[in-house]
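Single-letter residue listing:
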Amino acid sequence: MRFMIENDVPVTPVIVITSLNYEDVIATVRFFHQQGINQIMVNRYNMGGEGLNHRYLPTTASQLRDVFKQLDNYAEKHTINIYSGVCTPYCLLNPVDYPHIRFGACSNDVYKRPLTFDLDGNLRLCNHSPVAVGNIFKQSLSEIFTNPYLAEWEDLNMAFCKNCLCLAKCKGGCRAASEQMDYSLKNEDPIIRTLNISPLKYSNEKSIV
């Protein structure tokens, strides 16, 4: 990492917050920053794949919010970009409450999604989704992108999120994780069930949970 920095190669470390390391996140960010790194991705734990075998790893909601509050304070006081890349339900982490952290979100534009390919040419809409929408060795991209499955992502009719004013931006969090849990895109992010999150009550200034 130091060799890359010395040779002007951009470095963006990634920290995944779990119940095992949440108390050390700020110290880790400070360490990276002291090495001359000015951009860090800090993600909450997202269940899926092998992570399904480690469901004890998520923090509590209050622990996660406390970590992000510390991150926001650090980013306010220092020249550093902190980015949260995993789509997270606003009822768990509302970006309004952390103005100095950038939050990622799924786009309805397929060309702006983190398209993921495997060695066999199977295409998934993101690295979290287990669903292959087509194969680039057998189909053109224009053909793949007419798959009716893509339209399912635009349907935000989820019971839990029904009355949420943030739904258009939040989109229920990471619904690809719901697919990993054998739910459908009609289900909100499974972290909501895991952490027993209540629907968001929203004000113009901050979230009220």
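Read on for an overview of the structure. (Residues numbered from 1 in each chain as written. Predicted model: local features only at pLDDT ≥ 70, side-chain atom pairs only at ≥ 80, totals over all residues. Heavy atoms only, no water.)

**Section: the nonpolar core**
Condition: The set of buried Ala, Val, Leu, Ile, Met, Phe, Trp, Tyr and Cys residues whose side-chain atoms join them within 4.5 Å is what this entry labels a nonpolar core. When a residue's accessible area, from a 1.4 Å probe over protein chains only, is under 20% of the maximum for its type it is buried; when over 50% it is exposed; and in between it is partly exposed. Numbering goes from the N terminus for both helices and strands, where a helix is a DSSP run of H or I of at least four residues and a strand is a run of E of at least two.
Counting 33 residues, the largest nonpolar core has Val29, Val42, Phe68 and Leu71 as the members making the most contacts within it. Contributions of two or more residues to this core are made by strand E1 (14-17), helix H2 (25-34), strand E2 (39-44), helix H3 (61-77), strand E4 (101-103) and helix H8 (191-194). In terms of residue count, H3 provides more of this core than any other element does, seven residues in total. If you look at the next biggest cluster of nonpolar residues, it comprises 16 residues, including Val133, Leu150, Cys174 and Ala176.

**Observations regarding the pattern of salt bridges**
Definition in use: Salt bridges are counted wherever a side-chain nitrogen of Lys or Arg sits within 4 Å of a carboxyl oxygen of Asp or Glu.
Per the counting criterion, the structure on display carries three salt bridges. Note that Arg44 is salt-bridged to Asp189, the shortest N-O span being 2.4 Å. With Arg44 in strand E2 and Asp189 in the loop between helix H7 (175-180) and H8, this pair connects stretches of sequence that are 145 residues apart. For the pair shown, Arg44 and Asp189 are each scored as buried.

**Section: H3**
Under the convention used in this document: By this rule the span expected of a helix is its residue count minus one, scaled by 1.5 Å. Arc definition: directions from the helix axis to the C-beta atoms.
Its 17 residues place the ends of H3 25 Å apart at the C-alpha level, agreeing with the 24 Å of an ideal helix rising 1.5 Å per residue. Within H3 the residues assigned to the buried category are Ala61, Leu64, Val67, Phe68, Leu71, Asp72, Tyr74 and Ala75. Along the axis of H3, the buried positions cluster into a sector of 165°, meaning they face one direction only. Turned more than 90 degrees from where H3 packs its buried face, Ser62 and Lys77 sit exposed.

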